[in-house]
Amino acid sequence: MKSVIVGTAGHIDHGKTALVKALTGIDADRLEEEKRRGITIDIGFAHLELPAPDGSRIRLGFVDVPGHERFVRNMLAGVGGIDLVLLVVAADEGIKPQTREHFDICRLLAIRRGITVLTKSDAVDAETLEVVRREVEDFVSGSFLDPAKSPVVALSSLTGAGLDELKSALSQVASEVAAKDSAALARLPIDRVFTMKGFGTVVTGTLVAGTIRKEEELEIFPGGKSVRVRGVQIHGSPAEAAIAGQRTALNLAGLSTEDLARGMTLAAADTFRLTSRVDALLSLLPSAKPLKDGARVHFHAHTTETIAEARLYGTKILKPGAEAYAQLRFAEPMLLLPGDRFIVRQFSPVVTIGGGVVLDASPVTRKQRVADAAAFLKIMREGSPEQVLAARVARRGAIGLPLDEIPGEMNVRREEATRLAAKAELVWCNPVLVAAAVFAKIKTDVLQALKKFHDDNPLVAGMSKEELRDRANLGPEVFYGVLGRLAEETKLGVAGELVHLSGRGVVMKDEEAESKKIIEQAFASAGLKVPSLKEVLAGLKVDKIRAQKIVTLLLRDKVLIKISEELVFHQSALMDLRHKIAALKNTAPKIDVAHFKDMTGVSRKYAIPLLEYLDRERVTRRVGDERLIL
Ligand SMILES: Nc1nc2c(ncn2[C@@H]2O[C@H](COP(=O)(O)OP(=O)(O)OP(=O)(O)O)[C@@H](O)[C@H]2O)c(=O)[nH]1
Ligand SMILES: [Mg+2]
């Protein structure tokens, strides 16, 4: 069954609550004080089922709001989730200040459908009724309530005259209202918190999106606590699930009324983030005073309110009737998402001055801030979902946007995020997405850094990955994404921890290659009776620094092996020694220094370091003055 939320709007005492009661039989004034004073103070609720023109049934949830100017903030807590408004004007009074203010609010919130209701028709004669009807029709003409598109119904809640006409108008308009998206990520702005005997802690609200099932885990904003839904009620009856567009009551496990308040939001778990500032399109009412850049305002969205500072983009002052991009900075963080509508009221005296729509609720760091905020926000406002995603990824530059953050940033399900990412032609560097142009630039930068390294270090096989990453100033995800891609394209090679440009690496000049050979030869032919390194290097054609680099290379490649500060051997000589010692094991399990000297022909100066080397290599183990052959 389709569920539609109907809200009342209009000046105090114009008969809103009486109208809801005449329609539904329910008195939405539930507070004792309201009954005593005969006015509505806080929002109240009622419901009604009507046959739709096509024979199906429509469930209407009513949110009745107070008309008193002092309670506009309560009205704002109720009006956020409505699909259809009943703009109530008493025939004996006509248009009054809160008729205007409530109507302004409905327009600023972009409520699309409604019915204009002239109440108390019994209290005036036919002629007066006609005069008021004309006045009201004039007032709403050109708006979403234009009489050419939306019904105007005169009635009396006292006598019931006109009620049937209103019901059929309601059924017609409600059937035309676009249903809220029950497949979207769930969001329930809380408007009431109380305890119910036998049911525990209860929150109510209009489910503005998604579906909430019994036993589901949700997250509370602010606070971030996760909660389990113990029970669901729709209009006082238990239900398995609540779907978008329904007035919803939830019993939450393990929470007391102190943990919860109007203005908080229950939403899909592990998806959204609180925000302290949003970028928005802000419109000022023609009746408002000019708004200065940086002015403080009262900010209302859904059931929340806070104080906000309005930073205008590209202008110092917003003129009445004009609109501008603005950043709203909140005194307290809240959950807001792109597309959310809001109202702003003047700081003092408090009157409604404007409103708008949130374009971006995921502030980025100053470093990542886009140079042209207006261009970015224009895409947020008018772009297709892929364009919006592409711009969001592009502004993250080389840091990229984690796929996991897209649902929270754009209010889309994960599957949708993945689909959009594929469509927007982004580069996937698990787990982040990077704009194709940014990725191409990073590739160039990495290749350049690598080239410079090779130029500066001709004798080194490659650059260490971490040094390259540091040089390119990249996070690990994007760095390894780029490295992988460049390796695929055979622009570079990766060997262990080292990265080298294809075709580069160790490129020796003739002199160096010759020197390398000389050194190697000198040690290879010396066996264990090695010359001093200094001596060998002194006899080379190349300079000291280059000679040292060659030695470093030979040591790195394990052609030469250093066993102590002074002693360097060719690996083949040490290999021979190991074989000899191993062969000895068959005849004698132990060897002492004298025996070792005899066997190898080296002096004590070489014998001790060599034996210590063999101990380290676990070829021998020292036992007293002897070595046990292992
Ligand atoms: N004669 C007549 N009186 C009505 C009609 N509808 C409401 N009233 C009376 O008007 C007074 C105000 O009605 P409410 O329904 O409380 O008005 P409201 O718009 O809800 O007022 P707030 O919620 O305080 O803004 C009450 O005394 C009602 O009995 C009507 O159709 N005819
Ligand atoms: Mg009322």
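From a predicted model like this one, the values you see are computed outputs, not experimental measurements.

This paragraph deals with the packing of helix α14 (residues 510-526) against helix α16 (residues 544-556). In the contact formed by α14 and α16, the axes pass within 10 Å of each other and the chain directions differ by 60°. Classified by the angle their axes make, α14 and α16 are oblique. Crossing of α14 over α16 shows right-handed handedness. Contact residues: α14 offers E511, E512, S515, K516, I519 and E520, while α16 offers R546, I550, V551 and L554. Residues of the contact of α14 with α16, tallied by class, amount to four nonpolar, one polar and five charged.

Distances from the magnesium ion (ligand 2) to its protein donors, T17 (OG1) and T40 (OG1), fall within 1.9 to 2.0 Å. A residue pair is termed long-range when its members are at least 10 positions apart, and T17 in helix α1 (residues 16-24) and T40 in the loop between α2 (32-37) and β2 (44-51) qualify at 23 residues. T40 matches T17 in its accessibility class, with the two residues each being buried.

With respect to spatial proximity, 18 residues lie near ligand 1, and among them T17, A18, T40, G67 and D122 are the closest. Between G15 and ligand 1, the recorded distance is 3.0 Å, taken from a backbone N or O atom to an oxygen atom. The contact in question runs from an oxygen atom of ligand 1 to an N or O atom on the side chain of K120, over 3.0 Å. The residue inventory of the shell around ligand 1, partitioned by class, reads five nonpolar, nine polar and four charged.

Quick look at the packing of helix α3 (residues 72-79) against helix α4 (residues 97-108) now. The axes of two packed helices give the description: the angle between them and the distance between them. Two elements in contact, α3 and α4, have axes whose closest approach is 12 Å; the angle formed by their N-to-C orientations is 35°. Judged by the sense of rotation from one axis to the other, the crossing of α3 with α4 is right-handed. Each of V72, M75, L76 and V79 in α3 lies in contact with α4, whose residues at this interface are E101, H102 and I105. Of the residues contributing to the contact of α3 with α4, the split by class is five nonpolar, one polar and one charged.

Let's shift gears to the pattern of salt bridges. Side chains bearing opposite charge may pair, as long as their charged atoms lie close to each other. Counting across every chain of the model gives 44 salt bridges. With a closest N to O distance of 3.4 Å, R395 and E409 form a salt bridge. Of this pair, R395 sits in helix α8 (residues 385-395) while E409 is found in helix α9 (residues 406-410), placing the two residues 14 residues apart along the sequence. With a relative accessible area of 9%, R395 lands in the buried category. Of the residues examined, E409 reaches a relative accessible area of 3% and is grouped as buried. R414 serves as the salt-bridge partner of D404, at 2.8 Å between the closest nitrogen and oxygen. Pair noted here: D404 is in the loop between β24 (401-402) and α9 and R414 is in helix α10 (residues 414-423), with a separation of 10 residues, a long-range link. One continuous salt-bridge network, built from bridges that share partners, spans R273, D360, R392, R395, R396, E405 and E409.

Further remarks concern the sheet that holds strand β18 (residues 295-301). In a beta sheet, neighbouring strands pair by backbone hydrogen bonds and run either parallel or antiparallel. Taken together, the six strands give a closed barrel; going around it, the order is β16-β21-β19-β18-β22-β23, and neighbouring strands pair in antiparallel fashion. The average undirected angle you get between the axes of adjacent strands in this sheet is 40°. Of the strand pairs in this sheet, β18 and strand β22 (residues 341-346) are connected by four bridges, and their pairing is antiparallel. Note on β22: the bridge partner recorded for H298 is R345. Set on the sheet, α3 makes contact with β18, β19 (304-312), β22 and β23 (352-360); between it and β22 the angle comes to about 175°.

Here we come to the nonpolar core. The biggest cluster of nonpolar side chains holds 61 residues, and the ones touching the most others in it are L282, L291, F299, L328 and F342. Not counting residues up to four positions away in its chain, the partners in contact with F342 are L109, A280, L281, L282, F299, H300, A301, L328, G355, G356, V357 and V358. Counting residues in hydrophobic clusters, the runner-up holds 38 residues, among them L459, A547, I550 and F596.

Residues F221 and P222 are joined by a peptide bond in cis, for which omega reads -10°. Summarising the element assignment, P222 is placed in the loop between β10 (217-221) and β11 (226-234). Cis geometry is found at the peptide bond from S348 to P349, where omega equals -10°. Its identity as a non-glycine residue notwithstanding, H235 has a phi of 45°, on the positive side. Within the secondary structure layout, H235 lies in the loop between β11 and β12 (237-239). Assessed through its relative accessible area of 21%, H235 is described here as partly exposed. Positioned with a positive phi, R618 is a non-glycine residue whose angle comes to about 60°. When you line up the elements, R618 lands in the loop between α19 (604-616) and β33 (620-623).

Reading across the sheet, the three strands line up as β32-β34-β33 and stay open at both edges, with antiparallel pairing between neighbours. Strands with a single pairing partner mark the edges of an open sheet, and in this sheet they are β32 (590-592) and β33. When the angles between neighbouring strand axes are averaged without regard to direction, this sheet yields 35°. In the sheet, β33 pairs with strand β34 (residues 626-629) via four bridges, with the strands oriented antiparallel. In the sheet register, V623 faces β34, and the bridge partner there is E626. Along the sheet, α19 makes contact with β33 and β34, crossing β33 at roughly 110°.

Conventions adopted
Residues numbered from 1 in each chain as written. Chains lettered and ligands numbered in written order. Predicted model: local features only at pLDDT ≥ 70, side-chain atom pairs only at ≥ 80, totals over all residues. Heavy atoms only, no water. Axes fitted to C-alpha atoms, helices over the stretch in contact; angles between N-to-C directions. Helix = DSSP H or I, 4+ residues; strand = E, 2+ residues; numbered from the N terminus. Parallel < 35°, antiparallel > 145°, perpendicular 65-115°, else oblique. Left-handed = near helix turned anticlockwise from the far one by under 90°. Contact = heavy atoms within 4.5 Å. Nonpolar A, V, L, I, M, F, W, Y, C, P; charged D, E, K, R; others polar. Donors = N, O, S within 2.8 Å, 3.2 Å for Na, K, Ca; no water. Buried < 20%, exposed > 50% of the residue type's maximum accessible area, 1.4 Å probe, protein only. Near = heavy atom within 4 Å. Polar contact = N/O pair within 3.5 Å; in protein donor to acceptor, adjacent residues only side chain to side chain. Salt bridge = Lys/Arg side-chain N within 4 Å of Asp/Glu carboxyl O. Pairing = 2+ DSSP bridges. Core = buried A, V, L, I, M, F, W, Y, C linked by side-chain atoms within 4.5 Å.

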